[in-house]
Amino acid sequence: MSRLQNLAILGATGSIGRNTLDVAERYPQRFRIFALSANERMDELADLCLRHRPRYAVVAQSVQADALRRRLEAGVTEVLTGPQGLERIAAHAETDCVMAAIVGAAGLAPTIAAARAGKKLLLANKEALVMAGPIFMQAVRAHGAVLLPIDSEHNAVFQCLPDPFSGDLRSHGVRRVLLTASGGPFRDIPLERLHSVTPDEACAHPNWVMGRKISVDSATMMNKALEIIEAHWLFGATHEQIDVVVHPQSVVHSMVEYADGSVIAQLGNPDMRTPIAHALAYPERIEAGVGSLDLSVISRLDFVAPDFARFPALRLGYRALKEGGTSPATLNAANEVAVSAFLGRRLPFLAITAVIEAVMDELHPRALTSLDDVINADLSARRHAQIQVEAMTV
């Protein structure tokens, strides 16, 4: 039995955070909830703190902190605020394992802090790796952090590789990585119908229960575009070695093809507790609360090539990876602005990728040498994206 691990969950009230708590609660002898953070849902965070009694809780603003302190038992949980609070719990000497589940660019700084502190880092925040790939991976290598992917696709690839930490696929006879995609809620509807889809329709994922931002990313397949870039940094795959295949059942989570023609796939029910449990216990295996996969009930598994006309975000993802430098950060920032505008009903669905492409055309990629380069690229892309949104506002 492994020793007790102190677990910090960045983004505890989101879907990944809640699923992490569900798995960890099954093993109180293995995992202690050491720190929790949330940006909103203060009532839910308060309930979690009362239930798990963590050493720290982190919120965004001081007014939230004051309200939370009034709800909690004095002397049990110290309430911290802002980015400094997040970085403190991520790099805390007593933190053993960090679940990085803050959505978007906001998760970059604490995730880098965890890597620089040499933590066991469970990465659900794909944007941190997309934005700052070379800097992020250098921090992981230099400080001995253990990086374990939580995205179901990358976790599947991780499980299918003989040495997922090598960063050299060809030396292990790997021909390519195949990332599966459900195709989201709009994979089959007529293209002309996409002009009028609503945020609620975009967030109605057929297989997964996710937050609204990532649900929209699934509908545009921007999530897969970001995952292409993420796979490059996690596994050392070139853009020629990364393919996407649409798999509506979401049972095969991804595959690895070898030079001899063998294809190894990781299968399971579409439940995020499976990759979370895999990473929490790695290299051991633990029960996740997920039912057995019954292939006789599923009866068929379908695979089709993605339609780049329907999903232009995929093309933008490959473009950003090939351009390198600040291009992935520009892609991510423009997407966050455009998705926010769509969810606020200020931008039509099809304009999301139009905004992103316009910003990428305007901002030529520059080299990444520091986090300041990443932050500056992010801010510049957001400014340009906002201008594009205002020009396209419905």
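None of the values given here were measured: they were computed from a predicted structure. (Residues numbered from 1 in each chain as written. Predicted model: local features only at pLDDT ≥ 70, side-chain atom pairs only at ≥ 80, totals over all residues. Heavy atoms only, no water.)

Asks: When you look at the packing of helix 11 (residues 222–235) against helix 15 (residues 327–343) in this model, what are you seeing that I'm missing?
Replies: Between two packed helices, the angle of one axis relative to the other and the distance separating the axes together describe the packing. Here helix 11 crosses helix 15 at 160 degrees, and the two axes come no closer than 11 Å. As the angle between them shows, helix 11 and helix 15 are arranged roughly antiparallel. Between helix 11 and helix 15 lies a crossing of left-handed hand. In this structure, helix 11 contributes Met222, Leu226 and Ile229 to the contact, and helix 15 contributes Pro328, Leu331, Asn332 and Asn335. (Axes fitted to C-alpha atoms, helices over the stretch in contact; angles between N-to-C directions. Helix = DSSP H or I, 4+ residues; strand = E, 2+ residues; numbered from the N terminus. Parallel < 35°, antiparallel > 145°, perpendicular 65-115°, else oblique. Left-handed = near helix turned anticlockwise from the far one by under 90°. Contact = heavy atoms within 4.5 Å.)

Asks: Please clarify how a nonpolar patch on the surface should be interpreted in this entry.
Replies: Residues Leu267, Leu295, Leu301 and Phe303 make up a contiguous nonpolar surface patch of roughly 300 Å² in combined accessible area. As for its placement among the helices and strands, Leu295 is situated in helix 13 (residues 295–298). Under the relative-accessibility criterion, Leu295 is labelled partly exposed at 44%. (Patch = residues over 30% accessible without salt bridge, like charges linked within 9 Å, V, L, I, M, F, W, Y side chains within 5 Å. Areas by Shrake-Rupley, 256 points an atom, 1.4 Å probe, with all protein chains shown as cover. Salt bridge = Lys/Arg side-chain N within 4 Å of Asp/Glu carboxyl O. Buried < 20%, exposed > 50% of the residue type's maximum accessible area, 1.4 Å probe, protein only.)

Asks: Would you mind showing me how to read the sheet that holds strand 10 (residues 252–258) here?
Replies: Pairing between the strands of a sheet is mediated by backbone hydrogen bonds and can be parallel or antiparallel. Taken together, the four strands give an open sheet; going across it, the order is 9-8-10-11, and neighbouring strands pair in mixed fashion. Two strands close off the open sheet at either side, each with one partner strand: strand 9 (242–246) and strand 11 (263–267). The sheet shows a mean angle of 20 degrees between the axes of neighbouring strands, taken without regard to direction. Two elements, strand 8 (residues 174–181) and strand 9, share five bridges in a ladder whose sense is parallel. Note that in strand 9 the partner of Leu178 across the bridge is Asp243. Relative to the sheet, helix 11 contacts strand 8 and strand 9, its axis offset from that of strand 8 by approximately 150 degrees. (Pairing = 2+ DSSP bridges.)

Asks: What is the right way to read the pattern of salt bridges from this model?
Replies: Should the charged atoms of two oppositely charged side chains come close, the side chains can pair. Summed over the entire model, instances satisfying the criterion amount to 31 salt bridges. As a salt-bridge pair, Arg88 and Glu78 come within 3.6 Å of each other at their nearest N and O atoms. In this pair, Arg88 is assigned in helix 4 (residues 82–91) and Glu78 in strand 4 (residues 78–81), connecting sequence segments ten residues apart. Overall, the relative accessible area of 38% leaves Arg88 in the partly exposed class. Take Glu78: its relative accessible area is 37%, and that puts it in the partly exposed class. Note that Arg175 is salt-bridged to Glu257, the shortest N-O span being 2.7 Å. Of this pair, Arg175 sits in strand 8 while Glu257 sits in strand 10, and the two are 82 residues apart along the sequence. A cluster of three or more residues bridged by salt bridges with shared partners is formed by Lys126, Asp151, Glu153, Lys224 and Glu227.

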